[in-house]
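Residue-level listing of the chains:
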Amino acid sequence: MKYLVRAVKYLIWFCLILAIMIAILKVSGSAGDSVGEMFRGGYRSLLQIAALFVVFAALYPLTGFRKQYAVIPGEFKDIREGIVDYMASKGYVVESENGEDMTFRLRSKGAAAAKMWEDRLTFTRQQGGYDIEGLRRDVVRIVGGLEYRFRNDTDNYSKS
């Protein structure tokens, strides 16, 4: 169900972007008055654009979201504050906690709107760390930062 909701959101987003671009062209006088003048194939072109949007909206949730494991050693009581502090430094606040699992949302409503309210990062506790799920680019950035922050300072791989 989550996948379908995401696909519909992106379809609406793509259609909104197209409508804004057509409106700008219309206001600037670069577009004709009718659909036949705006698009070479008229309404047939609009149907082709709509089909393309449906395909992209259906495929984007497959590539735009991911789950990645983050190595965060330690007991939950010892690492919880560090995770919450790190996430706060990146603009996230705790949305909910269920045992050792946590979800975070962006503090800024403007940033959340820019991501179409797909700003939730879900932390699911695993042995030795967390599975973090959310938007691909956010997950990669957060996992790298958390692993760097919680790395064991006695582990120095550059020693001979």
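See the structure above.
Computed from a prediction, not measured in an experiment: that's the story for all the values here.

Peer 1: Could you give an account of the environment of isoleucine 12, naming the residues involved and the relevant values?
Peer 2: Tracing the chain through its elements places isoleucine 12 in helix 1 (residues 2–28). With relative accessibility at 55%, the residue isoleucine 12 sits in the exposed group. Taking the C-alpha atoms as reference points, isoleucine 12 and valine 54, separated by 42 residues in sequence, lie 9.6 Å from one another.

Peer 1: Tell me about a nonpolar patch on the surface, residues and numbers included.
Peer 2: Taken together, the side chains of Trp13, Leu16, Ile17, Ile20, Met21 and Ile24 present a nonpolar region at the surface, about 550 Å² in accessible area. Following the sequence through the fold, isoleucine 24 ends up in helix 1.

Peer 1: Please provide a residue-by-residue account of helix 6 (residues 136–149), values included.
Peer 2: The end-to-end C-alpha separation of helix 6 is 20 Å, in line with the 20 Å expected for 14 residues at 1.5 Å each. Restricting attention to buried positions, one finds in helix 6 the residues Asp138, Val139, Ile142, Val143, Gly145 and Leu146.

Peer 1: Describe the packing of aromatic side chains, and please don't skip the residues or the numbers.
Peer 2: This model, assessed by the stated rule, comprises 5 aromatic pairs. On the numbers, 5.8 Å between centres and 45° between planes, the contact of phenylalanine 14 with phenylalanine 53 is tilted. One end of the pair, phenylalanine 14, is in helix 1; the other, phenylalanine 53, is in helix 3 (residues 43–64), and 39 residues separate them in sequence. Arranged with centres 5.7 Å apart and planes meeting at 65°, the rings of phenylalanine 123 and tyrosine 130 form a pair that is edge-to-face. Residue classification places phenylalanine 123 among the buried positions, given a relative accessible area of 1%. In this structure tyrosine 130 comes out as buried when scored by relative accessible area, which is 0%. Grouped by ring-pair contacts, the aromatic residues Tyr10, Phe14, Phe53 and Tyr60 constitute a single cluster. Positioned above the aromatic ring of phenylalanine 65, the side-chain terminus of arginine 6 is 3.7 Å from the ring centre.

The rules behind the values
Residues numbered from 1 in each chain as written. Predicted model: local features only at pLDDT ≥ 70, side-chain atom pairs only at ≥ 80, totals over all residues. Heavy atoms only, no water. Helix = DSSP H or I, 4+ residues; strand = E, 2+ residues; numbered from the N terminus. Buried < 20%, exposed > 50% of the residue type's maximum accessible area, 1.4 Å probe, protein only. Patch = residues over 30% accessible without salt bridge, like charges linked within 9 Å, V, L, I, M, F, W, Y side chains within 5 Å. Areas by Shrake-Rupley, 256 points an atom, 1.4 Å probe, with all protein chains shown as cover. Salt bridge = Lys/Arg side-chain N within 4 Å of Asp/Glu carboxyl O. Expected span 1.5 Å × (residues − 1). Phe/Tyr/Trp six-rings, centres within 6.5 Å; stacked < 30°, edge-to-face > 60°. Lys NZ or Arg CZ within 6 Å of the ring centre and 35° of its normal.

These results come straight from atomic positions and should not be treated as a statement about function.
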